[in-house]
Amino acid sequence: MHEMSLAENMLQLIEDAAYQQGFTRVKTVWLEIGQLACVEQESLRFGFDVVTRGSIAEQARLEIIETAGQGRCGKCAQSFPLAALYESCPACGSYDVKVTGGDGMRVKELEVE
Amino acid sequence: MRFRSHEAKAETAVSTSRIVKLEQDILAKNNGYAEANRRYLSAYGIFALNLVSSPGSGKTTLLVKTILALNGTQPLAVIEGDQQTENDAARIRAAGAPALQINTGKGCHLDAQMVGQAMQQLGLQDDSLLLIENVGNLVCPASFDLGEAHKVVILSVTEGEDKPLKYPDMFSAADLMLLNKCDLLPHLEFDADLAIEYAHRINPRLQVIRISAISGEGMTEWLEWIREGCCNAAAAKPEASLG
C-alpha cells in the first residue's frame, strides 16, 4: 500500500504550490498516471481522501488521466504501445524492450480558489 | 436589468476559481532526497545497495553470511527496514557490523528521507559498503529510489518461478538478481532456468547469481561483485573529498 505515501507526496506538492501561489482551497486535482506506473488507482483515491482530510484539498475531486505505456525495441528499434512490462516487441519478438513512456505519475494541474 | 445582474453574478462565481499548472512528478520529493543521498555517497566513495525481496526470501541470513565472509576486509554498515522489531539489526550486529533499524510502522517501504537520516546517524566510513535491507515486499519499494548504486532483488527457489512476471516492476528496477536457497533445488520442482528466463523477459540486462547462504554456492561470485562495486565507488570519489 505505497499509495498512501504517494497520496501524502501529492498533498505536499499541493501545499507547496498553495504557499507559493497563494490559494486556499483546491477543488479539482488532475493527475496523470502512466499505464505502467506501479500504482493502484482505487487505493490512491482512497489514500488521497484520507490524507486530505482537514487540509486545503479536503473533498477535492481527483481526476485521473491515464496515459498509455510506450516501449521501444532494443533490437529492431521499433516503437510500440506497451501494456505490460513482460511484453515482447510485436515486430521481432525480442524482450529487449525499453519503456519510453507511460510509467510516470504527475500532478498536472489544479483548480483552486 | 434582472438579466444583467444574473450574468454579473455568474461571472463572479467563475472568476473565483482558477487553474494552476503544476506538472510535477509525485515522487519528486523522494527523488530529491535520493539525489542528495547519492551525492553524499559518491563524495565519500561509498557503495550502497538496496536489497529487496518478498518476506522470507532469506535476505537477512544472506546478509549475515556476507558480513561474516567479508570478515573485516571491507568496512561496512547496514540499514535494516522492517515494519516492527529490532530483530534483524540485532542479527547483523551479532555478525559484527554496525546496523541501524528503521521501523516503518504501517509503512511498506523505506524512502530516501528515512535512509538519509539513518546514514547520518550511522556515521559512514569513507570507501565503505552500505547495505540497505528494505522491507520485505516485492511491490512498493520498487518505486522509491533511495540513492543506492543498485537495487539487488533476491528471489528464493521456494517461491514461484513466475514471480518476475507477477511483480515486474521490481525485476525491472533491479540490476542484480540473487537466486537464493539454491541448496534446496534437489528437493523442489522449481525450474531455475525458467525463473531466470522470466526475469530476463522483464529486464534483459539483469545480472543473475545462483546462491545459497547455507551451502556457500555462489558466495564467491557475489563477494567479487560487491568488491568490484566498492573499488569502483572508491576510485570514482572526487579528488576534493580526499583531503
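Residues numbered from 1 in each chain as written. Chains lettered and ligands numbered in written order. Predicted model: local features only at pLDDT ≥ 70, side-chain atom pairs only at ≥ 80, totals over all residues. Heavy atoms only, no water.

## Quick look at the overall build of chain B
A count of helical and extended segments in chain B gives nine helices and eight strands. The C-alpha radius of gyration computed for chain B amounts to 23 Å, which surpasses the reference 18 Å derived for 243 residues by more than 25%, pointing to a less compact arrangement than a globule. With the principal axes as the frame, chain B shows a C-alpha extent of 90 × 55 × 35 Å. Expressed as a percentage of the 243 residues in chain B, the buried residues total 50%. Put simply, 72% of the contacts in chain B that link residues at least 6 apart link residues at least 24 apart. Roughly 11,400 Å² of accessible area belongs to chain B as shown, and the carbon and sulfur atoms make up 51% of that amount. (Helix = DSSP H or I, 4+ residues; strand = E, 2+ residues; numbered from the N terminus. Rg over C-alpha atoms; globule rule 2.2 N^0.38 Å. Buried < 20%, exposed > 50% of the residue type's maximum accessible area, 1.4 Å probe, protein only. Contact = heavy atoms within 4.5 Å. Areas by Shrake-Rupley, 256 points an atom, 1.4 Å probe, with all protein chains shown as cover.)

## Points about the overall build of chain A
Broken down by element type, chain A carries two helices and six strands. Relative to the compact-globule value of 13 Å for 113 residues, chain A shows a C-alpha radius of gyration of 17 Å, a clear excess of over 25%. Reported as C-alpha extents along the three principal axes, the dimensions of chain A are approximately 55 × 25 × 15 Å. For chain A, the proportion of its 113 residues judged to be buried stands at 48%. Split by element, the accessible area of chain A, about 5,600 Å² in all, is 44% carbon and sulfur. On chain A, the mean spot of the 10 positive side-chain charges and the mean spot of the 17 negative ones are 5 Å from each other. (Lys, Arg positive; Asp, Glu negative; His and termini not counted. Charge placed at Lys NZ, Arg CZ, Asp CG, Glu CD.)

## With respect to the pairing of strand E8 (residues 207-210) of chain B
All names here are of chain B. Bridge analysis of strand E7 (residues 176-180) against E8 gives four bridges, and the strand direction is parallel. Counted as the bridge partner of Leu178 is Ile209 from E8. Handedness of the E7-helix H8 (residues 192-202)-E8 crossover: right-handed. (Pairing = 2+ DSSP bridges. Right-handed = clockwise from strand over helix to strand, strands pointing away.)

## Points about the interface of chain A and chain B
Taken together, the 31 residues of chain A in the interface contact 28 residues of chain B. Summed over both sides, the interface of chain A with chain B buries roughly 2,900 Å², with 56% coming from carbon and sulfur. The largest share of the area that chain A buries against chain B comes from Leu13, Leu85 and Tyr95 of chain A, three residues that together contribute 20% of it. Here chain A is connected to chain B by five salt bridges. Residue Arg106 of chain A is joined to Glu23 of chain B by a salt bridge in which the shortest nitrogen-to-oxygen separation is 2.7 Å. At the surface where chain A touches chain B, the tally comes to 16 residue pairs in polar contact (both at pLDDT 80 or more). In terms of residues, the side of chain A that touches chain B owes the most to one element, helix H1 (residues 3-21) of chain A, which gives nine residues. Residue classes in the side of chain A that touches chain B are distributed as 17 nonpolar, six polar and eight charged. (Buried area = accessible area lost by both parts, 1.4 Å probe. Salt bridge = Lys/Arg side-chain N within 4 Å of Asp/Glu carboxyl O. Polar contact = N/O pair within 3.5 Å; in protein donor to acceptor, adjacent residues only side chain to side chain. Nonpolar A, V, L, I, M, F, W, Y, C, P; charged D, E, K, R; others polar.)

## A short note on the side chain of Thr66 of chain B
Residue and element names in this part refer to chain B. Relative to the assigned elements, Thr66 resides in helix H3 (residues 59-70). The exposure class of Thr66 is buried, given its relative accessible area of 1%. Those residues in contact with Thr66, other than ones at most four positions away along the chain, are Met219, Trp222, Leu223 and Ile226.

## Observations regarding the packing of H3 of chain B against helix H4 (residues 87-94) of chain B
Residues and elements named next belong to chain B. Running from N to C, H3 and H4 point in directions that differ by 20°, and their axes come no closer than 9 Å. Taken as axis vectors, H3 and H4 run roughly parallel relative to one another. When the axes of H3 and H4 are compared, the crossing they make is right-handed. Judged by residue contacts, Thr60, Thr61, Leu63, Val64 and Ile67 of H3 engage Asp88, Arg91 and Ile92 from H4. Looking at the contact of H3 with H4 residue by residue, the classes come out as four nonpolar, two polar and two charged. (Axes fitted to C-alpha atoms, helices over the stretch in contact; angles between N-to-C directions. Parallel < 35°, antiparallel > 145°, perpendicular 65-115°, else oblique. Left-handed = near helix turned anticlockwise from the far one by under 90°.)

## Quick notes on the sheet that holds strand E6 (residues 150-156) of chain B
Residue and element names in this part refer to chain B. Spatially, E4-E3-E5-E2-E6-E7-E8 is the arrangement adopted by the seven strands of the open sheet, whose pairing is parallel. Each having just a single partner strand, strand E4 (99-103) and E8 make up the two edges of the open sheet. Sheet twist, expressed as the mean angle between neighbouring strand axes with direction ignored, is 20°. Pairing of E6 with E7, which is carried by five bridges, proceeds in the parallel orientation.

## Quick notes on unusual backbone geometry
A positive phi angle is found at Gln59 of chain A, which is not glycine, with a value near 65°. Note on Gln59 of chain A: relative accessible area 76%, which makes it exposed.

## Section: the pattern of salt bridges
Counted according to the given criterion, the structure contains 22 salt bridges over all chains. One salt bridge in this structure joins Arg45 of chain A and Glu42 of chain A, with 3.8 Å as the shortest N-O distance. Here Arg45 of chain A and its partner Glu42 of chain A are both found in helix H2 (residues 41-51), three residues apart, which amounts to about one turn of the helix. Look at the salt bridges and you will find they share partners, linking Glu32, Arg106 and Lys108 of chain A together with Glu23 of chain B into a network.

## Some points on the side chain of Asn180 of chain B
Residue and element names in this part refer to chain B. By secondary structure assignment, the location of Asn180 is in strand E7. With relative accessibility at 2%, the residue Asn180 sits in the buried group. Aside from chain neighbours lying at most four places away, what touches Asn180 is Ser57, Gly58, Leu62, Ile154, Leu155, Ser156, Val157, Ile211, Ser212 and Ala213.

## Brief notes about the pairing of strand E1 (residues 26-34) of chain A
All names here are of chain A. Buried residues dominate E1, accounting for seven of its nine residues. Where E1 and strand E6 (residues 105-112) come together, seven bridges link them in antiparallel fashion. Bridge pairing links Leu31 to Val107 in E6.

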